[in-house]
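Overview (structure and organization)
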Amino acid sequence: MRGTAHPSSYFRSSPALPLRRFKLILSYKFFTAIMRLVILEDYDQASEWAAKYICNRIIQFKPSQGRYFTLGLPTGSTPLGCYKKLIEYHKNGDLSFKYVKTFNMDEYVGLPRNHPESYHSYMWNNFFKHIDIDPNNAHILDGNAPDLQAECDAFEKKIEEAGGIDLFVGGIGPDGHIAFNEPGSSLSSRTRLKTLAMDTILANAKYFDGDLSKVPTMALTVGVGTVMDAREVMILITGAHKAFALYKAIEEGVNHMWTVSAFQQHPRTIFVCDEDATLELRVKTVKYFKGLMHVHNKLVDPLYSMKEN
Amino acid sequence: MPSNKSVSDAPIVQFTNCRILRSHQLQREDLWVREGKILNPEKLFFDEKGSADIQLDCKDSIIAPGFIDVQINGGFGVDFSLATDDFKSGIDLVSQKILSHGVTSFCPTLVTSPPSVYHQVLPQISIRNGGAHGAGILGAHLEGPFISKEKKGAHPEHCLRTFEEGAFQDLLATYGSLDCVRIVTLAPEMKRSSEVIRELTKRGICVSLGHSVANLSQAEEAVQHGATFITHLFNAMLPFHHRDPGIVGLLTSDKIPAGQRVFYGMISDGIHTNPAALRIAHRAHPKGLVLVTDAIAGMGLAPGRHTLGQQVVEIDGLNTYIAGTKTLSGSVATMDTCVRHFQEATGCSVETALEAASLHPAQLLGIEHKKGTLNYDSDADFLMLNDGLYVQATYIAGEEVWRQDALGM
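Just so it is clear, the structure is predicted and the values come from calculations on it, not from any experiment.

The rules behind these values
- Residues numbered from 1 in each chain as written.
- Chains lettered and ligands numbered in written order.
- Predicted model: local features only at pLDDT ≥ 70, side-chain atom pairs only at ≥ 80, totals over all residues.
- Heavy atoms only, no water.
- Helix = DSSP H or I, 4+ residues; strand = E, 2+ residues; numbered from the N terminus.
- Buried < 20%, exposed > 50% of the residue type's maximum accessible area, 1.4 Å probe, protein only.
- Contact = heavy atoms within 4.5 Å.
- Areas by Shrake-Rupley, 256 points an atom, 1.4 Å probe, with all protein chains shown as cover.
- Rg over C-alpha atoms; globule rule 2.2 N^0.38 Å.
- Axes fitted to C-alpha atoms, helices over the stretch in contact; angles between N-to-C directions.
- Parallel < 35°, antiparallel > 145°, perpendicular 65-115°, else oblique.
- Nonpolar A, V, L, I, M, F, W, Y, C, P; charged D, E, K, R; others polar.
- UniProt positions renumbered as here; feature names shortened; annotations may be inferred.
- Core = buried A, V, L, I, M, F, W, Y, C linked by side-chain atoms within 4.5 Å.
- Phe/Tyr/Trp six-rings, centres within 6.5 Å; stacked < 30°, edge-to-face > 60°.
- Patch = residues over 30% accessible without salt bridge, like charges linked within 9 Å, V, L, I, M, F, W, Y side chains within 5 Å.
- Salt bridge = Lys/Arg side-chain N within 4 Å of Asp/Glu carboxyl O.
- Buried area = accessible area lost by both parts, 1.4 Å probe.
- Pairing = 2+ DSSP bridges.
- Left-handed = near helix turned anticlockwise from the far one by under 90°.
- Lys, Arg positive; Asp, Glu negative; His and termini not counted.
- Charge placed at Lys NZ, Arg CZ, Asp CG, Glu CD.

Within chain A one finds 11 helices and 10 strands. Taken over 309 residues, chain A has a buried fraction of 50%. Within chain A, residue pairs in contact and separated by at least 24 positions form 80% of the contacts whose partners lie at least 6 positions apart. Surface summary for chain A: the accessible area is close to 15200 Å², and the carbon and sulfur share equals 55%.

Encoded structure:
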């Protein structure tokens, strides 16, 4: 019967097609959209893989005076291992942040900048103080600015002036949010003021001595649209408590209740996870992507070093 | 990269690869210094977009606040209780020499002396900052003459006095001037001592109890009137007795006014106090322990005879006695030796030993907001020590003022 052609029938009818298709794929190699799900055994290995990837991307970019590599950065417990590895590469002399510009995703509103739980404190203690980044190139939203929307607009402008973000590294909340784009956020959103969802406040309480009244209720955050504008996005997801959110983000549809799902439509996204984070995925999905690890590992092996330059 | 100069364009020095004593712990953090003070690097990074101009690798040293010696009678042949013509150069010599012991601030101490000595010497002591010329002078410590005859120790009996008649006026007449006086040691059982203690405390002078036969209630009364220190605990006071602990009982007294802490000096040279006694005191009241040297003119010199005010003393190794007797008279221990010995004898942590010579004396004198810690905005008086707590380098106001050279001299 006509009209019921199955794609596989195209191949059967023409023996030369597989070779042509292969050459087609090769020529589109640098323009094809790609989604990778990189699954490592545990938190430490996932952190290391992510750090190696970032390291290689920076070095291969060959940043220099006037040609900065722009990096979007997250906070929270997930990226700590990754930051530690990056610091290690820096201390070994393999990686310099001299020509790297960073843009953090978010910051609490109304928390004094030197409060131990502010994202400024987090970035200083866990990253900036250990590396050689120029303070003028480390951008974090100011949650105490007199005009918060103006602060957000200025942040968008800074990203634009820096030439856009080369690689935006992010995490995922248990409710599937990216940055503070809580469930229900517009998938086209830009940097703005957000009221935090109860889920987020509860998840953050552990950083404020378990006292809910001390947790900030508002934050400035990059929008989903802001992160979607990045040339490449890497999402770090580790731990069983994030498993359901990962499932919603990549096995269900694009949905503003699980804002990370927006990255299904981004041309270059990498999800880096540990085994525990895959617990809610289908076995088929996990097996498929684990089977691709030999391809994924080519992105981090060899690990480049600035010493060679 | 220098800062954006919005606050200052003075050079910023970052001491790296070190362990610093902060918040009662040795932390692996860098120490940042600008304009003689400890700088907050996070504020520098975010507010001024600044970073270090100079980075110094400390080779994994311990960095601790400079030691503060609140009882030192002299050293290197200099006796602070002797009114010589070259008294000023004597005090300069000692202040310079003790840098190598890790002392960055001190209180030159005068033992019981005739009024003429106080009138001549005190005007020559000025409170001043330390630097390359030597350790800073915080003010004089006057140990006597208003002390007990029974517990005079090495102090000359003929110079002892009371303030029975004119209380504070008697004291003022004896000393002449209190301008540069920081601490006064007296015996609280003396008549009218409460008035005197209140007057001194009102003027910001720290009152210390010592060379006394006071019982515990007399000592507690003195504390209630403002006394906050005990001069060389155990020495020159009644021994601890279980029905009247005497001055020693202040360590665990429940009559100390709220918000007030009693500090006590200890000479941990291994001679003045048995290590077991040192441990008892430390365990009873660890936050009050202040290490002092009580060093005399012979400190830093060869064994033999030296003067201590109106007396002649004899040095034999670490022991110093009034010549021809077995009465201890001061010590020849150095501050860093005392810190090491204290740490060994009590088995306490390195942090505790270091704080007993820096934080606690600063708290005693009410200057811990600028001395005795490595907190942001404190004066950058600090030491580099190795793991054995030997001083490798001394810094005052962020400048290196002494360094252990390769020959170890």
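Next comes the rest of the write-up.
Looking only at helices and strands, chain B features 10 helices and 22 strands. What you see for chain B is a C-alpha radius of gyration of 21 Å, in line with the 22 Å of a compact globule of 409 residues. By its C-alpha atoms, chain B is 65 × 45 × 40 Å across when sized along the principal axes. Relative to its full complement of 409 residues, chain B shows a buried share of 59%.

Moving on: the packing of helix H4 (residues 80-91) of chain A against helix H5 (residues 119-126) of chain A. Helix packing geometry: the angle between the two helix axes and the distance between the axes. All names here are of chain A. Taken N-terminus to C-terminus, the directions of H4 and H5 make an angle of 40°; their axes are 10 Å apart at the nearest point. Here H4 is positioned oblique relative to H5, judged by the angle of their axes. Two secondary-structure elements touch here, H4 through Leu 80, Tyr 83 and Ile 87 and H5 through Tyr 122, Met 123 and Asn 126. Of the residues in the contact of H4 with H5, the class split is 5 nonpolar, 1 polar and no charged.

The subject of this paragraph is the UniProt feature "binding site: Zn(2+)" (unreviewed entry) in chain B. Residue and element names in this part refer to chain B. When the UniProt feature table is mapped onto this chain numbering, "binding site: Zn(2+)" (unreviewed entry) sits at Glu 143, His 211 and His 232. Spatially, the listed residues are clustered: although they cover 90 residues, their C-alpha atoms lie within 10.9 Å of one another. For His 211, the location among the structural elements is in the loop between strand S13 (206-209) and helix H6 (216-224). Classification of His 211 as buried rests on a relative accessible area of 4%.

Residue and element names in this part refer to chain B. As recorded in UniProt, the feature "binding site: substrate" (unreviewed entry) lies at Ala 154, Asn 235, Ala 236, Arg 243, His 272, Leu 328, Ser 329 and Gly 330. Maximum C-alpha separation among the annotated residues is 29.7 Å over a sequence range of 177 residues, too wide for a single clustered spot. In this fold, Ala 236 is placed in the loop between strand S14 (229-230) and strand S15 (263-266). In this view, Ala 236 contacts Lys 151, Gly 210, His 211 and Ser 212; residues no more than four positions away in its chain are not counted. Not counting chain neighbours up to four residues away, the residues in contact with His 272 comprise Asn 235, Ile 267, Leu 328, Gly 330 and Ser 331.

The subject of this paragraph is the nonpolar core. Ranked by internal contacts, the top residues of the largest apolar core, which has 89 residues, are B:Leu186, B:Leu200, B:Leu250 and B:Leu354. Sequence-distant contacts of B:Leu186, that is, excluding residues within four places in its chain, are made with B:Phe146, B:Ile147, B:Phe163, B:Val196, B:Ile197, B:Leu200, B:Val207, B:Ser208, B:Leu209 and B:Gly210. Ranked by size, the runner-up nonpolar core spans 42 residues in total, among them A:Ile54, A:Phe69, A:Tyr89 and A:Phe128.

With that out of the way, let us pick up the packing of aromatic side chains. All names here are of chain A. On inspection of all chains with the given rule, the structure shows 27 aromatic pairs over all chains. Ring geometry for Tyr 83 against Tyr 122: centres 6.3 Å apart, planes inclined by 65°, an arrangement best described as edge-to-face. Here Tyr 83 is found in helix H4, whereas its partner Tyr 122 is found in helix H5, with 39 residues between them in sequence. Assessed through its relative accessible area of 13%, Tyr 122 is described here as buried.

All names here are of chain A. Judged by side-chain polarity, Met 198, Leu 202 and Leu 212 come together as a nonpolar surface patch covering roughly 290 Å² of accessible area. Its location among the elements puts Leu 212 in the loop between helix H7 (198-204) and strand S8 (218-221). Here Leu 212 falls in the partly exposed class, since its relative accessible area comes to 41%.

In this section: the interface of chain B and chain A. Between chain B and chain A, the residue contacts involve 11 residues of the former and 12 residues of the latter. Each partner contributes to the roughly 1100 Å² buried at the junction of chain B and chain A, and carbon and sulfur atoms together form 64% of this total. When the buried area of chain B at its contact with chain A is split by residue, B:Glu42, B:Phe45 and B:Phe46 rank highest and sum to 55% of it. Between the two partners, chain B and chain A, sit 2 salt bridges.

The next subject is the sheet that holds strand S9 (residues 233-237) of chain A. Residue and element names in this part refer to chain A. The strand order S1-S10-S9-S6-S2-S3-S5 describes an open sheet built from 7 strands, whose pairing is parallel. Two strands lie at the open edges of the sheet, namely strand S1 (34-40) and strand S5 (138-139), each paired on one side alone. Pairing geometry for strand S6 (residues 167-170) and S9, over 3 bridges, is parallel. From the neighbouring strand, Gly 170 faces S9, where its bridge partner is Ile 235. Running at roughly 150° to strand S10 (residues 268-274), helix H3 (residues 43-61) makes contact with S1, strand S2 (69-73), strand S3 (100-104), S6, S9 and S10 of the sheet.

Our next topic: the environment of B:Glu150. Residue and element names in this part refer to chain B. Here Glu 150 shows up in the loop between strand S11 (140-143) and helix H4 (168-175). Judged by its relative accessible area of 60%, Glu 150 is exposed. Taking the C-alpha atoms as reference, Glu 150 lies 58 Å from Ile 54; in sequence the two are 96 residues apart.

Residue and element names in this part refer to chain A. Close contact between H3 and H4 brings their axes to 8 Å; oriented N to C, the two are set at 50°. The orientation of H3 relative to H4 falls into the category oblique. Crossing of H3 over H4 shows right-handed handedness. Across the interface between the two elements, Tyr 43, Ser 47, Glu 48, Ala 50, Ala 51, Lys 52, Ile 54 and Cys 55 of H3 pack against Leu 80, Gly 81, Cys 82, Lys 85, Leu 86 and Tyr 89 of H4. In the contact of H3 with H4, the residues fall into 9 nonpolar, 2 polar and 3 charged.

Counting buried residues along helix H9 (residues 243-250) of chain A, 6 of its 8 residues qualify, which places the element largely inside the surrounding structure. Among all positions in H9(A), only A:Ala243, A:Ala245, A:Leu246, A:Tyr247, A:Ala249 and A:Ile250 are buried.

Moving on to a negative patch on the surface. Residue and element names in this part refer to chain A. A surface patch of negative charge is lined by Glu 41, Asp 42, Asp 44 and Asp 276. Examined against the element boundaries, Glu 41 turns out to sit in the loop between S1 and H3. Assessed through its relative accessible area of 54%, Glu 41 is described here as exposed.

A separate point is the UniProt feature "domain: Glucosamine/galactosamine-6-phosphate isomerase" (unreviewed entry) in chain A. Feature annotation in UniProt assigns "domain: Glucosamine/galactosamine-6-phosphate isomerase" (unreviewed entry) to the following positions: residues 43-266 of chain A. Strand forms 14% of residues 43-266 of chain A and helix 33%; the C-alpha atoms that close the span are 25 Å apart.

All names here are of chain A. Tracing the backbone through its elements, the reader meets Pro 112 in the loop between strand S4 (106-108) and H5. Sequence separation between Pro 112 and Gly 143 is 31 residues, and the spatial gap between their C-alpha atoms is 8.3 Å. Excluding residues that lie within four positions of it along the chain, Pro 112 makes contacts with Ser 118 and Asn 144.

Let's shift gears to the pattern of salt bridges. Under the defined criterion, the tally for this structure stands at 29 salt bridges over all chains. Of the charged contacts, one joins A:Lys129 and B:Glu29 as a salt bridge, the two residues approaching to 2.9 Å between their closest N and O atoms. Residue A:Lys129 is located in the loop between H5 and S5, and its partner B:Glu29 is located in the loop between strand S2 (25-27) and strand S3 (31-34); the two belong to separate chains. Given the relative accessible area of 22%, B:Glu29 is considered partly exposed. Residue B:Glu48 pairs with B:Arg34 through a salt bridge whose shortest N-O separation is 2.9 Å. Remark: B:Arg34 occurs in strand S3 and B:Glu48 occurs in the loop between helix H1 (41-47) and strand S5 (54-65); sequence separation between them is 14 residues. The class for B:Glu48 is buried, based on a relative accessible area of 6%. When its relative accessible area of 8% is taken as the criterion, B:Arg34 is described as buried. In the salt-bridge network here, residues are joined through shared partners; they are A:Glu48, A:Lys52, A:Lys85 and A:Glu88.

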